[in-house]
Amino acid sequence: MNITLTHNTTNVSLATMEIDLEGLDRYDYAEMIEEWQDRIREDTGYDEDAPEKPSIHYQVAAYEDIPERLMAEDGPSRTAWDYLEAMASDRNGYEPEVYWAAEALGTPASDVEEAYQGQFNSDEEFAQALADDMGLIQNDLSWPYNCISWPDAARELMTDYVEENGMYFRNM
């Protein structure tokens, strides 16, 4: 996940910085921004004896792998950082798309690892996989015990689960 920041200096030259956000937290990011701003001040002849540092305004010029709704003018939003930091500490190796789907559904970043159930092509496929995982499907049974209406089972099951882009989460 990369982000490119730009700053137009007083002499109209452009200062840019690209940051790989993977593994960073919001505090590391803020420190990198501060260091970059200090370099810009030095490059533009900032007077170190001045009573206060001049403000260096910057904005995001480009970004990858972060939903647009989670980007602010100056970088990832507070909510984006919650999910980025959860991704960095993920013990299950989930792809970023899992976290962004959870965010779109309102699942807190701290609940993703517990709530995520997997990726499926349909509610019916999810219901059947869950029933199978729970040992509720016995393959040696015959009619009428093997006549489950998976659309009906899925509809009832989905009162406790939510889905975004084929990724299923338990309501917490």
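Above this text you will find the structure in question.
Summary of the structure given here.

Calculation criteria
- Residues numbered from 1 in each chain as written.
- Predicted model: local features only at pLDDT ≥ 70, side-chain atom pairs only at ≥ 80, totals over all residues.
- Heavy atoms only, no water.
- Salt bridge = Lys/Arg side-chain N within 4 Å of Asp/Glu carboxyl O.
- Helix = DSSP H or I, 4+ residues; strand = E, 2+ residues; numbered from the N terminus.
- Buried < 20%, exposed > 50% of the residue type's maximum accessible area, 1.4 Å probe, protein only.
- Pairing = 2+ DSSP bridges.
- Axes fitted to C-alpha atoms, helices over the stretch in contact; angles between N-to-C directions.
- Contact = heavy atoms within 4.5 Å.

Take the pattern of salt bridges next. Applying the stated rule across the entire model yields six salt bridges. Glu85 is the partner of Arg26 in a salt bridge, and the nearest nitrogen-oxygen pair spans 3.0 Å. Here Arg26, found in helix α1 (residues 26-43), pairs with Glu85, found in helix α2 (residues 78-88); they are 59 residues apart in sequence, far enough to count as distant. The partner of Glu114 in a salt bridge is Arg170, with the nearest N and O atoms 3.3 Å apart. Within this pair, whereas Glu114 is found in helix α4 (residues 112-115), its partner Arg170 is found in strand β8 (residues 167-170), the two being separated by 56 residues in sequence. Since its relative accessible area comes to 29%, Arg170 is described here as partly exposed. Shared partners join several salt bridges into a network, and the residues in it are Arg26, Asp82 and Glu85.

Turning our attention to the sheet that holds strand β7 (residues 161-164). Across the sheet, which stays open at both edges, the three strands sit in the order β6-β8-β7 with antiparallel pairing between neighbours. At either end of the open sheet lies a strand with only one pairing partner, and these are β6 (116-119) and β7. The sheet shows a mean angle of 20° between the axes of neighbouring strands, direction not considered. As paired elements, β7 and β8 share four bridges and run antiparallel to each other. The residue bridging Val162 from the neighbouring strand is Phe169, located in β8. Helix α3 (residues 96-105) contacts β6, β7 and β8 of the sheet and is inclined by roughly 55° relative to β8.

The next point concerns the environment of Thr79. Following the sequence through the fold, Thr79 ends up in helix α2. Between the C-alpha atom of Thr79 and that of Ser55, which follows or precedes it by 24 residues, the distance is 25 Å. Not counting residues within four places of it along the chain, the set of residues in contact with Thr79 comprises Leu70 and Glu103.

Keep in mind these numbers describe shape, not what the thing actually does.
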